[in-house]
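Understanding the architecture of this molecule
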Amino acid sequence: MAYQPLPTPKSLRAAVDAAAARGEPLVVMVTLRGCVYCELVRNSYLHPLMREGRLIAVQIDFQDKTTPIQDFRGRTTTPATLVDEWKVRVTPTVFFFGPVGRELAERLDGVSSADFYGSYLEERLDTARRNLKK
């Protein structure tokens, strides 16, 4: 599969606010270049759902220690620092965030079963959407 990255936000605060304004959680995938499971999730699940207008997703790089990014509180940091703060240990890890960086559904760590990944993703999205309205 060709490498087709998701957008990389300059500001998670702005991205989550834009998603919430559309009534959607912000889906954030922590990725690693060369990770075949990241490619699978990105190309087989996230990109198609984005094209259908069914989710708003961005990615941050597990190892990026230099690119500035604004976190949910408005603080400038790096993707690698966020990954560490979020205690990410495997890629891909997919988060479902609401305003101020509140996790709206259980994160998806890795790919335990490619056959069921789509179901797990849909279940988390449904939960995140419900919790966003609370």
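Above this text you will find the structure in question.
Cut-off values and rules
What you see as residue numbers is a count from 1 along each chain, following the sequence as written. Where local features are concerned, this predicted model is filtered to residues with pLDDT of at least 70; where side-chain atom pairs are given and counted, the filter is 80 or more; whole-chain, interface and lining totals use all residues. Hydrogens are left out, water is left out, and the side-chain values use all remaining heavy atoms of the structure. The way it works is that DSSP assigns letters per residue, a run of H or I at least four long becomes a helix, a run of E at least two long becomes a strand, and they are numbered from the N terminus. An expected span of 1.5 Å times one less than the residue number is assigned to each helix. Bend, at a single residue, is the angle you get between axes fitted to the 7 residues ending at that residue and the 7 residues starting at it. Burial classes follow relative accessibility: with a 1.4 Å probe on protein chains only, a residue under 20% of its type's maximum area counts as buried, one over 50% as exposed, and anything between as partly exposed. Any two residues having at least one pair of non-hydrogen atoms within 4.5 Å are treated as being in contact.

For the rest of this paragraph, the subject is helix H2 (residues 36-51). Here H2 spans 21 Å end to end across 16 residues, near enough to the 22 Å set by a 1.5 Å rise per residue. The largest bend in H2 is about 35°, located at arginine 42. For H2, every residue scored as buried is listed here: Cys38, Glu39, Leu40, Val41, Arg42, Asn43, Tyr45, Leu46, His47 and Leu49. On its buried face, H2 is in contact with strand S1 (26-31), strand S2 (56-61), strand S5 (93-97) and helix H4 (114-132). Looking at the residues trailing H2, positive phi occurs at glycine 53, about 75°.

On to the side chain of threonine 77, then. The residue threonine 77 is located in strand S4 (residues 76-77) in this model. Overall, threonine 77 belongs to the buried group, its relative accessible area being 9%. The contact partners of threonine 77, leaving out residues within four places of it in the chain, are Thr67, Pro68, Ile69, Asp71 and Leu82.

With that settled, the discussion passes to the environment of proline 7. Mapped onto the fold, proline 7 is located in the segment before helix H1 (12-21). Separated by 52 residues in the primary sequence, proline 7 and glutamine 59 place their C-alpha atoms 6.2 Å from one another. Sequence-distant contacts of proline 7, that is, excluding residues within four places in its chain, are made with Met50, Ala57, Val58 and Gln59.

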